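Geometric and topological summary
These are the residues of each chain, in order.
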Amino acid sequence: MANLTRESIRTALLEAHIPSLMAALVHLTGDASHLLPEHPPVYDFFGDGQGDLPDAVQADIRQRAEDALVAHLIDGRPLPPAPPEATIRQVMDFIAGVDIPEHYVPFLLEELGLDGRDAKQPDWRVETLAPKRNLSAIIVGAGMSGLLAAIRLRQAGVAVRIIEKNAEVGGTWFENSYPGCRVDNPNHLYGYSFEPSHEWPQHYSTQPVLLDYFRGVAAKHGLREHVRFETKVEDARWDEAASKWRVTVTQKGATESLEADLLVSAVGQLNQPRLPDVAGRDSFAGDAFHSARWRHDVDLAGKRVAVIGTGASAFQFVPEIAGKVASLTVFQRTPPWLGPTPNYHDDVGGGMRWMLEHVPTYESWYRFWLFWMLTDGIYEMVKADPAWDGDTTAISAMNAELRAALVEKIQEQIGDAPHLRELVVPSYPIGGKRTVRDNGVWLAALKRDNVEVVTNPIAKISPTGIETEDGASRDFDAIVYGTGFTASDFLSTFKVYGRGGVELHDRWQGDARAYLGLTVPGFPNFFMLYGPNTNIVVNGSIIFFSECGVRYVVGAAKLLLDEGAKSLEVREAVHDRFNADVDAANADMAWGQPGVTSWYKNAGGRVSQNWPWPLVDYWRVTLAPKAGEFVFDR
Ligand code: NAP
């Protein structure tokens, strides 16, 4: 806002998230009585979080904020001293709508970042800790996790090289360009904690915006010169004599061997397309492509198009293409749960953007609210109650209650198309698979005259179309596969040979496991980001996991120097105990239930993707590696 006036502030405040504004008022005025415990924020998934705040109460809060902001931003009244921790806790409890358990407090204070400090930035450097040593790292992948690892390791004085197969940074945000691709986590949560953007144009911004964000972060942190683009890692071998990783890379046909002390895989889980194992798949004579390899040269307009799959990707591109194609046939095996998200495609208003940037602490509290609402605040709803005696469509009374509320919302949308009900209401418990964000466009697309949903299983693909098991045959000009990724085949694009020449995938035998998703016995100085059992279902942001994981990796580099060691390797017993605990805990979660199938489970049925506990636990266990859990080679 160029000319800040009382009127311009008043206009901006019309877009305020009132609970976050109440929290900010406490900081603006030093007065905690601006919190109105009788009007707590509501976490109902369905609304905008203002709860049932009467208009008069909203107006009153806006007026108080207007006065405080005029005093501070126009009249120059300094902010009062930062509130004491007891008051911050009071605000946290208010925003969360519960008494936040004590063990959450340090975690949430860090997440809030009210002191403006980048708490996860390393507070040490190689040259001060061990002046005679150098440390180097090779990072595989320049997506969200790889860039993050590079930033943090460089902050600690570790020399990094990033090897990236693509010609650009961004990983998944570079590769997925299908129509309608956008982040399905609120953008004000989906960003590095230390690089908040006040400028997200939408609450769930589109892929080009996300790609720009990661490009911008790479440029700002001077990373591009450390990236070898269009270079593929073929394999990595641990050289025991030298205690180095030797990494074979190829670039434009030329092979080279690189060396580093640390090897960090940041290749992601969701980038190797999975095409369904259907007879005759390759015989199809029309155009056929996967959502993550979208053929922008193929014009689908006026064509007869088949879409296979109804996961998060199809959910985004089907509504985009439905109105353009002649006919669209959606082959659905399992419907996703629809999570009502009215602002899914909405712009962030100018007033909200102004507040995020200029109202002290407003952005932090808004992020905190999103964080709690989407993660640990709803964790219990997707946890099985052993005493639950209802049917298998739910796992607890709370889960059943949520189910009923979601079904009601779906029902409202189905309206005049009752045949859809049995097609789109999942029979598995909510939380079994990733819930997709719904603002009505999905069911509106399925209700179109030119759209058909087929649930009869696919029997075969022929040169002209698709045949289902009931004998029906449909002809198509194009098939789009929204069939996901080979997520449980971790690191499938390269080989990693650890101590004794053991190859990582040979060790795993199709059942990838790691300690904290990060480190594997027999593979010294090797770390994975977004590795086994670090995925989340109750939404949260995977960036949070990567930030925790990277802190641990940087901590491991420090541990090497502290111990005067050349390498460290997690103890087998530590790894095994952790994995046994993971398996037991996953069995209690919605996604671990026997009848639920998803990419979270590997071919053997084990949940190899998901973290089963609240986020606070990953934060705590990744604060720093414990020396006692490792074997050191000095
Ligand atoms: P996905 O969730 O694995 O969905 C694949 C879909 O294909 C499922 O509906 C699956 O059915 C179906 N399918 C697979 N083989 C089939 C066959 N032979 N016949 C019929 N249907 C078949 O893949 P995705 O949609 O690409 O999403 C993967 C993950 O990527 C998401 O869970 C999410 O974490 C991430 N993602 C994020 C965003 C975002 O943030 N914007 C967008 C897209 C994806 P079943 O369910 O029965 O297996």
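Model, not experiment: these values are computed from the prediction.

Describing unusual backbone geometry
The residue Thr361 is not glycine, and still its phi comes out positive at about 70°. Topologically, Thr361 is positioned in the loop between α11 (350-358) and α12 (362-374).

Quick word on the packing of helix α2 (residues 18-29) against α12
Between α2 and α12, whose axes approach to 8 Å, the crossing angle comes to 140°. Judged by the inter-axis angle, α2 sits oblique to α12. The hand of the α2/α12 crossing is right-handed. Every residue of α12 that contacts α2 at Ser20, Leu21, Ala23, Ala24 and His27 is listed here: Tyr362, Trp365, Tyr366 and Trp369. Split by residue class, the contact of α2 with α12 holds seven nonpolar, two polar and no charged.

Some words on the site of the ligand
Around the ligand sit 22 residues in total, of which Arg182, Asp184, Ser313, Thr334 and Lys433 are the nearest. Asp184 places a polar side-chain atom, nitrogen or oxygen, 2.8 Å from an oxygen atom of the ligand. Trp599 is positioned such that a nitrogen or oxygen atom in its side chain is 3.0 Å from an oxygen atom of the ligand. Two domains each donate at least three residues to the shell around the ligand, and these are domain 2 (126-270 + 487-624) and domain 3 (281-343 + 387-481).

Digging into the sheet that holds strand β16 (residues 473-475)
Strand order in the open sheet formed by three strands is β14-β15-β16, and the pairing between neighbours is antiparallel. With one partner strand each, in any of the chains shown, β14 (458-461) and β16 form the two edges of the open sheet. Mean inter-strand twist for the sheet, computed between neighbouring axes without regard to direction, equals 20°. Across three bridges, the pairing between strand β15 (residues 465-468) and β16 is antiparallel.

A word on the nonpolar core
Nonpolar side chains tend to gather and get buried jointly when the protein is soluble and globular. Membership of the largest hydrophobic core comes to 162 residues, with the highest contact counts inside it found for Tyr192, Phe214, Leu300 and Leu328. Among the elements that make up this core, the one with the highest residue count is helix α17 (residues 542-562) (14 residues). For Phe214, the residues in contact, after removing those within four places along its chain, are Met144, Leu147, Val169, Gly170, Trp173, Tyr190, Tyr192 and Ile543. Core analysis: the next-biggest nonpolar cluster, separate from the first, contains 25 residues, Val233, Trp238, Val249 and Leu263 among them.

Some remarks on the packing of helix α5 (residues 105-112) against α12
Put simply, α5 and α12 touch, their axes get as near as 9 Å, and they point 130° apart. Judged by the inter-axis angle, α5 sits oblique to α12. Along the contact surface, α5 presents Phe107, Leu108, Glu111 and Leu112, while α12 presents Ser364, Trp365, Arg367, Phe368, Phe371 and Trp372. Partitioned by chemical class, the residues of the contact of α5 with α12 number seven nonpolar, one polar and two charged.

With respect to empty space enclosed by the protein
If you walk through the whole model with that rule in mind, you get five cavities of 30 Å³ or more. The space that makes up the second largest cavity amounts to roughly 80 Å³. Lining the second largest cavity we find 13 residues, and of these Glu111, Arg367, Ser541, Ile543 and Phe544 sit closest to its centre. Of all elements in the fold, only α12 and α17 reach the threshold of two or more residues within the lining of the second largest cavity. With three residues, the top contributor of residues to the lining of the second largest cavity is α17. The residue makeup of the lining of the second largest cavity, split by class, is four nonpolar, five polar and four charged.

Re the pairing of strand β4 (residues 231-239)
Bridging between β4 and strand β5 (residues 244-251) involves eight bridges; their strand directions are antiparallel. Bridge pairing in β5 places Ala236 opposite Val247. The hairpin formed by β4 and β5 contains four residues between the paired strands, and Ser243 there has a positive phi angle of roughly 55°. With three bridges joining them, β4 and strand β18 (residues 495-497) adopt parallel strand pairing. Bridge pairing links Ala236 to Val496 in β18.

Comments concerning the sheet that holds strand β13 (residues 451-454)
Spatially, β8-β17-β9-β10-β13 is the arrangement adopted by the five strands of the open sheet, whose pairing is parallel. Two strands lie at the open edges of the sheet, namely β8 (287-290) and β13, each paired on one side alone. Strand after strand, the sheet turns through a mean of 15° between neighbouring axes, direction not considered. By the bridge criterion, four bridges tie strand β10 (residues 327-331) to β13 in an arrangement that is parallel. Bridge assignment links Val330 to a residue of β13, and that residue is Val453.

Some points on α12
Over its 13 residues, α12 runs 18 Å from end to end, which matches the ideal 18 Å to within 8%, given 1.5 Å per residue. Extensive coverage of α12 is indicated by the burial of 13 of its 13 residues.

Cut-off values and rules
- Residues numbered from 1 in each chain as written.
- Predicted model: local features only at pLDDT ≥ 70, side-chain atom pairs only at ≥ 80, totals over all residues.
- Heavy atoms only, no water.
- Helix = DSSP H or I, 4+ residues; strand = E, 2+ residues; numbered from the N terminus.
- Axes fitted to C-alpha atoms, helices over the stretch in contact; angles between N-to-C directions.
- Parallel < 35°, antiparallel > 145°, perpendicular 65-115°, else oblique.
- Left-handed = near helix turned anticlockwise from the far one by under 90°.
- Contact = heavy atoms within 4.5 Å.
- Nonpolar A, V, L, I, M, F, W, Y, C, P; charged D, E, K, R; others polar.
- Near = heavy atom within 4 Å.
- Polar contact = N/O pair within 3.5 Å; in protein donor to acceptor, adjacent residues only side chain to side chain.
- Domains from an automatic or database assignment.
- Pairing = 2+ DSSP bridges.
- Core = buried A, V, L, I, M, F, W, Y, C linked by side-chain atoms within 4.5 Å.
- Buried < 20%, exposed > 50% of the residue type's maximum accessible area, 1.4 Å probe, protein only.
- 1 Å grid on protein atoms, 1.4 Å probe; cavity = no way out; pocket = protein on both sides within 12 Å on 5 of 7 lines; lining within 4 Å.
- Points joined across faces, edges and corners; volume = space filled by probe spheres on them.
- Expected span 1.5 Å × (residues − 1).

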